[in-house]
Number of protein chains: 4
Amino acid sequence: MPRNSLRHHLYIIIFGSHTKAGRAFDLALIVAIVSSLIVLLLESIPSIRSVWGAQLKYLEYTFTALFTIEYILRLYCSPKPSAYAKSFYGVVDLLAILPTYLAFFFPSAAFMGVIRALRIMRIFRVLKLVRYLQDSNLLLRSLLMARRKIFIFFSTVAILVTIFGALIYVIEGPKNGFTSIPQSIYWAIVTITTVGYGDLIPQTALGKAIASVTMLLGYSILAVPTGIITAELNQEMNSHKSLVKCPNCSQSGHEADALYCKHCGSELADPDKRVVAEE
Amino acid sequence: MPRNSLRHHLYIIIFGSHTKAGRAFDLALIVAIVSSLIVLLLESIPSIRSVWGAQLKYLEYTFTALFTIEYILRLYCSPKPSAYAKSFYGVVDLLAILPTYLAFFFPSAAFMGVIRALRIMRIFRVLKLVRYLQDSNLLLRSLLMARRKIFIFFSTVAILVTIFGALIYVIEGPKNGFTSIPQSIYWAIVTITTVGYGDLIPQTALGKAIASVTMLLGYSILAVPTGIITAELNQEMNSHKSLVKCPNCSQSGHEADALYCKHCGSELADPDKRVVAEE
Amino acid sequence: MPRNSLRHHLYIIIFGSHTKAGRAFDLALIVAIVSSLIVLLLESIPSIRSVWGAQLKYLEYTFTALFTIEYILRLYCSPKPSAYAKSFYGVVDLLAILPTYLAFFFPSAAFMGVIRALRIMRIFRVLKLVRYLQDSNLLLRSLLMARRKIFIFFSTVAILVTIFGALIYVIEGPKNGFTSIPQSIYWAIVTITTVGYGDLIPQTALGKAIASVTMLLGYSILAVPTGIITAELNQEMNSHKSLVKCPNCSQSGHEADALYCKHCGSELADPDKRVVAEE
Amino acid sequence: MPRNSLRHHLYIIIFGSHTKAGRAFDLALIVAIVSSLIVLLLESIPSIRSVWGAQLKYLEYTFTALFTIEYILRLYCSPKPSAYAKSFYGVVDLLAILPTYLAFFFPSAAFMGVIRALRIMRIFRVLKLVRYLQDSNLLLRSLLMARRKIFIFFSTVAILVTIFGALIYVIEGPKNGFTSIPQSIYWAIVTITTVGYGDLIPQTALGKAIASVTMLLGYSILAVPTGIITAELNQEMNSHKSLVKCPNCSQSGHEADALYCKHCGSELADPDKRVVAEE
C-alpha cells in the first residue's frame, strides 16, 4: 500500500489515533455510538415512541447510514479487508448495522433491532487508544491467571445449587411454588447469590432451615473468588512493582528504595529522580 | 492380582485415566452422568412429564442399568472391594442407583428419586484426572488452614442472628408476622446475609432501626471471611511461588529473579530459561 | 484462700478447665445452656406452646434453678465475689436467670423472658478453654488495628444514606411510600447494603436512576471494609509468620526457609525439624 | 492581618482547633449540626409535624440564624473571604442556610428544604481536626491509585447491564413488566448488584436462565473491585510500614526487626525502643 495513497490516509485516520484527524474521527465515532444508543433506549419507551416514533426512526436510519459508510471505508482502507471482516470488531461493526436493514426489509424481524445494543461494545474499540488499557491488561492478566481457580469455584457453585435445588423441591414441592427441579435450581441461584427476589419462598420449617443454610453458604463462599482475584492481583502488582533498570547490567526488579543493583552491585540512580514505569 | 488378568485390565480402564481406553471410559461416564441428570430435571417439569413421562422413565431405567453394571464392575475389579464400597465415592455410586430400585419396588418411596441428583457428585470422581486438581488443592488447603477462623466467624454469626432474632420478636411480635423466635431467627439470617426476600418485614420504627443495624452488620462482617480466605491464599501462593531448584544444593524457595542460590551461593539457571513449576 | 478448702476445689472445677472434673462441668454447662435455648425457641412457637406449654415451663424452671445454683456457687468460690458480679460474664450470668424470676413474680413482665436469649453468650465463657482462642485473638487484633478505618467507612455510609434518603424523599414523596426522611433513610440502608426487601420501591424514572446509583455505590464500597480487614489480617499474619528462635541470640522473625540467623549469623535448626509455633 | 486583632482571634477560634476555645467552638458546631439534622428528620414525619410543626419550625429558624451568623463570621475573619466563599466547604456552608430563606420568601420552594440534609457534610469540616484523618488519607490515596481500575470496572458493569437489559427486554417483553429498555436496564442493575427488590421478575424459562447468568456474574465480579482496593491498600500500607530512620544516613524503609541500616550499614536503634511512626 503506497504511503501517500488515499487508502493509506484513510487508514491512518480511521484505524489510527496518533494524528489530529484520527483523534477527531474517534471522538465523532464515540458521539455517534452513544447517540444511537440513546435513540435505541428512547425508542423502546412506549410513551416516547407514540409521540416521537417517526423522528427517532429517521435518526436511527441516519446513524445506520453513517455506520454503513464507516464499515465500507474500513473494508476499503484495511490492508487485509477479509481479516478485518472476520475479526471480533469487524463482526461487531457488522452486527451494529445489520438489524436495521433486516427490520427494514423484513418487518417481522423488528425484534432483532435490540441487537443494536451491541453497539455499546464498539466503544471498546475507540477506548483502546487511552492509556487506561494498561490497567485493563493488568486486570485481564489476573483473571487469566486465576481462570482455573474461577472454573473450580463455578463448578462448586453449580453442584451446590443442583443439590440444594433438588432438596428444596422434595421438601417444599409444587404446592409452595417449587413446581420443578429447574425452577428450584433457579430459586437456589437467587438465594445463594443473595439476590433474594422473594418470588419463590420456602413455607415449611424444614424448607426455611435449608434456605438458611443456602444463604449462609452463599454469603461466605463469596469470599473465595474475592480471595482468588485479590491474591492474583497482589502477585501481578508486586511482580511489576519496580521497573527500575540498572545502568550497568540493564536488569530490573529492584526494590523501590534500593541503592545498589542486586544483580551486579552497580550503584542505581537516585530513588527520587529515577523514573519508575507507572503501573 | 496378576498384571495381565481381565480384572487388572478392567481396573486400569475404570479407575485409571492414563490409557486411551481409560480416558474414553471417563468421557463416556461424564456423558452418562450429565444425560441422566438432564433426564431427572426434565422429568420434574409437569408439562414435559405429562407428554414424555414414559420415555423419560425408560431412559432413567437404562441409565440405572448402566450405572449398576459399572458399580458391579468396580466392585469386581477393585483390589479391595469392601474398601471401595465404604469409600466416599463408593457410597455416592451406590446412592446414584439405589433410589430407582427403591421407587420401582416401593412406589411410595418415589420422592426419594431426587437423591439421584447426588449423581452430580460423581462428576468430581471423573474430574480428578484433569490438572485443575492442583488449583483445587491450593483452595482446599487455604480453607483447611483457615478452618478455625471460619468456625469462629460462623459462631459469631450464629450468636448475632439469635440475639437479633429474639430482639425483633419482642419488638415486632406475632401481629407483624414474627410468629416465633425460630421464625425471627430465619428473618435475621435472611437479613444479615443481605438476601432480603421481603416476606418478613419490620413494620414499626424501632423494628426498622434494628433491621438497619442487622443489615449494616451483615454488610460489613462479610469482610471478615473474605479477609481470612484472601490472607490464607496469599500465604499459600507465596510459599509456593518459586519452585526453582538450585543445581548445586537442590534447594528451592528462591525469588523469581535471584541469580545465586540463597542457601549455598551457587549460580542458578538463567531466570528466562529456567522452568518454574507452574502453580 | 487455703488450697485444700472446698471453696478452692469448687473454684478449680467451676472456673478452671484443666482438671477432668472441670472439663466435665464445662461440658454439662454447654448441654444445659443449649437445652435451655432450645426450650426458649420451642416455647415461642404457638402450636408447640399450646400443647407442651406446661412441660416447657417446668423445664425452664429447672434450668433457671440450675443456673441459679451455679451463679451462687460462682459467687461463693470466687476469690473476689464482687469483681465477678461486676464482670461482663457475671452480668450475663445474672441476666440469664433474672427474667424467669421477674416473669414469675410480675406476670406482666413476661415479654422480658426473651432476654434469656442472651444465654447464648454464656457459651463464649465455656469456649474460652479451646485453643480456637488464638485465632480469635488474631481476628480481634486485626479488627482493633482497623477500627479507625472502619469508623471512617461507617461515617461515610451514614452520610451517604442520609443524602440519598433525602434525595429519594424529595423525588418519590409520600405518595410512593416514602412517607418521611427517616423512612427514606431506611430505604437507602436496605438498598446500599444490597438487602433489597422490596417493600419500598422507587416508582418514577428519576427515582429509579437515584436507586441505581445507590445500588452500584453500595455494591462497590463493600470493597473498602473487605480491603481494610484483608490488609490488616495480612499484616498480622506476616508479623507472626515465623516464630523460629535463633539458638544463639534467641531472636525470632526469620523467614521459613532461612538457614542462618539474620540477627547474629548463627546457624538455625534444620527447617524440616524445627518447631514453628502454630498460628 | 495583625496578630492581636479581633479578626485574627476569631480566625483562630473558628477555623483552628488547637486552642481550648477552638475545640469548644468545634464541639458546639457538631451539636448544632446534629440537632438541626434531627429537627429536619422529625419535621418530615407527618404525625410529628402535625403536632409539633410550629415548634420545629422555630427551632429550624434558630439554627439557620446561628449558621448565618457563623457564615458571616467566617467571611469576616477569613484572610481571603472570596476564596473561602468559593471553596467546597464555603459552598456547603451557604447551601446549609440558603434553603430556609428561600422557603421563607418563596413558600412554593419548600421542597428545597431537603437540601438542608447536606448539612451533614459540614461534619466533615469539624472532623478534620481529629487524627482519624491520617487513615482517611490512606484510604483516599488507595482509591486514587485505583481510580483507573475502578473506572474500567464500572465501564464493564455499564456495558454488561446494557446488554443483559436489552436481552431480557426481548425475551420477557412488556407483558411481563419489562416495558422498555431503560426499565430493563434498571432490572439488570437491581439483579447484578444482588439487591433483588422483586418488583420486576422474569416469568419465562429463558428469562430465568438469563437472570441466573446475570446473578452469578454480579455475584462474582464483586470480587474485582474488592481485589483492586485490597491490593492497593496492601501496597500503601507496606510502603508506609516502617518509618524507622537510620541515625547515620537518615534513610527509612527498614524492616520492622532490622538491626542494621540497609543503606549504609550503621546500627539502628533497638527495635523495642525505637518509635515507629504510627499508621
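Conventions and cut-offs
Residues numbered from 1 in each chain as written. Chains lettered and ligands numbered in written order. Predicted model: local features only at pLDDT ≥ 70, side-chain atom pairs only at ≥ 80, totals over all residues. Heavy atoms only, no water. Helix = DSSP H or I, 4+ residues; strand = E, 2+ residues; numbered from the N terminus. Buried < 20%, exposed > 50% of the residue type's maximum accessible area, 1.4 Å probe, protein only. Contact = heavy atoms within 4.5 Å. Areas by Shrake-Rupley, 256 points an atom, 1.4 Å probe, with all protein chains shown as cover. Expected span 1.5 Å × (residues − 1). Buried area = accessible area lost by both parts, 1.4 Å probe. Salt bridge = Lys/Arg side-chain N within 4 Å of Asp/Glu carboxyl O. Polar contact = N/O pair within 3.5 Å; in protein donor to acceptor, adjacent residues only side chain to side chain. Nonpolar A, V, L, I, M, F, W, Y, C, P; charged D, E, K, R; others polar. Least-squares fit on C-alpha atoms with pLDDT ≥ 70 in both. Phe/Tyr/Trp six-rings, centres within 6.5 Å; stacked < 30°, edge-to-face > 60°. UniProt positions renumbered as here; feature names shortened; annotations may be inferred. pLDDT = per-residue confidence, 0-100. Bend = angle between axes of the 7 residues up to and from the residue. Domains from an automatic or database assignment. Axes fitted to C-alpha atoms, helices over the stretch in contact; angles between N-to-C directions. Parallel < 35°, antiparallel > 145°, perpendicular 65-115°, else oblique. Left-handed = near helix turned anticlockwise from the far one by under 90°. Patch = residues over 30% accessible without salt bridge, like charges linked within 9 Å, V, L, I, M, F, W, Y side chains within 5 Å.

### Notes on the overall build of chain A
Phase 1: Looking only at helices and strands, one finds twelve helices and zero strands in chain A.
Phase 2: The N-to-C order of helical and strand elements in chain A reads α-α-α-α-α-α-α-α-α-α-α-α.
Phase 3: Relative to its full complement of 279 residues, chain A shows a buried share of 47%.
Phase 4: Across chain A, every contact between residues at least 6 apart in sequence was considered, and the portion connecting residues at least 24 apart equals 54%.
Phase 5: Looking at chain A as shown, the accessible area adds up to about 13,700 Å², and 68% of this sits on carbon and sulfur atoms.

### As for helix H10 (residues 205-221) of chain D
Every α-helical turn comprises 3.6 residues, leaving residues that sit three or four positions apart pointing alike.
Residues and elements named next belong to chain D.
Phase 1: Look at H10: 24 Å from first C-alpha to last across 17 residues, which is about the 24 Å you get at 1.5 Å a residue.
Phase 2: Judged by how many residues are buried, H10 sits mostly within the fold: twelve of 17 residues are covered.
Phase 3: Buried within H10 are the following residues: Gly207, Lys208, Ile210, Ala211, Ser212, Thr214, Met215, Leu216, Gly218, Tyr219, Ser220 and Ile221.

### Considering the interface of chain B and chain D
Phase 1: Opposite the four residues of chain B that make contact, chain D presents four residues.
Phase 2: Surface buried jointly by chain B and chain D totals about 200 Å² across both partners, of which 34% is contributed by carbon and sulfur atoms.
Phase 3: Here chain B is connected to chain D by zero salt bridges.
Phase 4: For the interface between chain B and chain D, the tally reads zero residue pairs in polar contact (both at pLDDT 80 or more).
Phase 5: Its residues placed into classes, the side of chain B that touches chain D shows one nonpolar, three polar and no charged.

### Some remarks on the relation of the copies chain B and chain D
Phase 1: Least-squares fitting of chain B to chain D yields an RMSD of 0.1 Å, with the transformation described by 0.0 Å of translation along the axis and a rotation of 180°. Accordingly, the operation relating the two chain copies is best matched by a two-fold axis.
Phase 2: Here 100% of the contact residues of chain B are again contact residues in chain D; the copies associate through an equivalent surface.

### Some remarks on the packing of aromatic side chains
Phase 1: For the coordinates displayed, the defined rule picks out twelve aromatic pairs over all chains.
Phase 2: Arranged with centres 5.9 Å apart and planes meeting at 45°, the rings of Tyr71 of chain A and Tyr84 of chain A form a pair that is tilted. A residue pair is termed long-range when its members are at least 10 positions apart, and Tyr71 of chain A in helix H3 (residues 46-77) and Tyr84 of chain A in helix H4 (residues 81-86) qualify at 13 residues. Residue Tyr71 of chain A shares its accessibility class with Tyr84 of chain A, and that shared class is buried.
Phase 3: Ring geometry for Phe178 of chain B versus Trp187 of chain B: centroids 5.7 Å apart, planes at 75°, classification edge-to-face.

### A few points about the UniProt feature "transmembrane region" (unreviewed entry) in chain A
Phase 1: As recorded in UniProt, the feature "transmembrane region" (unreviewed entry) lies at residues 27-46, 96-118, 150-171 and 209-231 of chain A.
Phase 2: Here residues 27-46 of chain A runs as 90% helix and 0% strand, with 31 Å between its end C-alpha atoms.

### Thoughts on the confidence of the model for chain A
Interpreting fine coordinate detail is not advised for predicted regions of low pLDDT.
Residues and elements named next belong to chain A.
Phase 1: Predicted confidence across chain A gives a mean pLDDT of 79, with 78% of residues reaching 70 or more.
Phase 2: For chain A, helix H7 (residues 122-127) is the element with the lowest average pLDDT, namely 66, and helix H10 (residues 181-192) is the one with the highest, namely 93.
Phase 3: Low pLDDT, under 50, characterises residues 272-279; the stretch is placed with 20 contacts to residues that sit more than four places away or in other chains.
Phase 4: Prediction confidence for the complex, expressed as pTM and ipTM, is 0.81 and 0.78 respectively.

### Comments concerning helix H3 (residues 46-77) of chain B
Phase 1: Of all the bends found along H3 of chain B, the most pronounced is centred on Trp52 of chain B and spans about 85°.
Phase 2: For H3 of chain B, the full list of buried residues reads Gly53, Leu56, Glu60, Phe63, Thr64, Phe67, Thr68, Glu70, Tyr71, Arg74 and Cys77 of chain B.

### Notes on the domain arrangement of chain A
Phase 1: Taken domain by domain, chain A consists of domain 1 (6-133), domain 2 (147-223) and domain 3 (241-279).
Phase 2: On a C-alpha basis, the centroid separation for the pair domain 1 of chain A and domain 2 of chain A is 41 Å.

### Topic: the packing of H3 of chain B against helix H5 (residues 88-105) of chain B
Packed helices, taken two at a time, are described by the angle their axes make and the gap between the axes.
All names here are of chain B.
Phase 1: Look at H3 against H5: their axes get within 10 Å of each other, and the N-to-C directions meet at 140°. The orientation of H3 relative to H5 falls into the category oblique. The two elements H3 and H5 cross, and the hand of that crossing is left-handed. Counting all contacts with H3, which are made through Glu60, Tyr61, Thr64, Phe67, Thr68, Tyr71 and Arg74, the residues of H5 involved are Gly90, Asp93, Leu94, Ile97, Thr100, Tyr101 and Phe104.
Phase 2: Of the residues belonging to the contact of H3 with H5, the class tally is seven nonpolar, four polar and three charged.

### Looking at the side chain of Glu70 of chain A
Residues and elements named next belong to chain A.
Phase 1: Checked against the element boundaries, Glu70 lands in helix H3.
Phase 2: Residue class for Glu70 comes out buried when judged on its relative accessible area of 5%.
Phase 3: When near neighbours in sequence (up to four residues on either side) are disregarded, Glu70 contacts Phe25, Leu29 and Arg122.

### Description of the pattern of salt bridges
Phase 1: Inspection of the entire model under this criterion finds twelve salt bridges over all chains.
Phase 2: Among the salt bridges present, the one from Glu232 of chain B reaches Lys149 of chain B, with a minimum N-O distance of 3.1 Å. Taken as a pair, Glu232 of chain B in helix H11 (residues 223-239) and Lys149 of chain B in helix H8 (residues 147-172) lie far apart in primary sequence, 83 residues in all. When sorted by exposure, Glu232 of chain B lands in the same class as Lys149 of chain B, which is buried.
Phase 3: Through salt bridges that share partners, Glu70, Arg74 and Asp93 of chain A make up one connected network.

### Considerations on the environment of Ile33 of chain D
All names here are of chain D.
Phase 1: Structurally, Ile33 can be placed in helix H2 (residues 20-43).
Phase 2: Through-space distance from the C-alpha of Ile33 to that of Phe63 is 8.3 Å; in sequence the pair is 30 residues apart.
Phase 3: Ignoring any residue separated from it by four or fewer positions in sequence, one finds Ile33 in contact with Phe67, Arg119, Arg122 and Ile123.

### Some details on unusual backbone geometry
Residues and elements named next belong to chain A.
Phase 1: Even without a glycine there, the phi angle at Thr194 is positive, about 60°.
Phase 2: Residue position: Thr194 is located in the loop between H10 and helix H11 (205-221).
Phase 3: Assessed through its relative accessible area of 8%, Thr194 is described here as buried.

### A few points about the interface of chain D and chain A
Bring the parts together and some accessible area is lost; that lost area is often taken as the interface size.
Phase 1: Taken together, the 49 residues of chain D in the interface contact 51 residues of chain A.
Phase 2: Here chain D and chain A share an interface that buries about 4,300 Å² over both sides, 72% of which is from carbon and sulfur atoms.
Phase 3: The interface formed by chain D and chain A holds zero salt bridges in total.
Phase 4: Applying the counting rule to chain D against chain A returns six residue pairs in polar contact (both at pLDDT 80 or more).
Phase 5: The set of elements that each furnish at least two residues to the side of chain D that touches chain A consists of helix H8 (147-172), helix H9 (181-192), H10 and helix H11 (223-239) of chain D.
Phase 6: Per-element tally for the side of chain D that touches chain A: the top contributor is H8 of chain D, with eleven residues.

### Some details on the relation of the copies chain D and chain A
Phase 1: Between the two copies, chain D and chain A, the superposition gives an RMSD of 0.1 Å; the rotation angle is 90° and the shift along the axis is 0.0 Å. Accordingly, the operation relating the two chain copies is best matched by a four-fold axis.
Phase 2: Little of the interface of chain D is mirrored in chain A: 18% of its interface residues are interface residues there too.

### Section: the packing of helix H8 (residues 147-172) of chain C against helix H10 (residues 205-221) of chain C
All names here are of chain C.
Phase 1: Where H8 contacts H10, the axes come no closer than 10 Å and their chain directions differ by 170°. On the basis of the axis angle, H8 is roughly antiparallel to H10. Here H8 contributes Phe153, Val157, Leu160, Phe164, Leu167, Ile168, Ile171 and Glu172 to the contact with H10, which in turn contributes Leu206, Gly207, Ile210, Val213, Thr214, Leu217 and Ile221.
Phase 2: Here the residues of the contact of H8 with H10 sort into twelve nonpolar, two polar and one charged.

### Digging into a nonpolar patch on the surface
All names here are of chain A.
Phase 1: On the surface, Tyr58, Tyr61, Tyr101, Phe104, Phe105 and Phe106 cluster together into a nonpolar patch covering about 700 Å² of accessible area.
Phase 2: Residue contributions to the nonpolar patch peak at three residues, all from helix H6 (residues 98-105).
Phase 3: Structurally, Tyr61 is set in helix H3.

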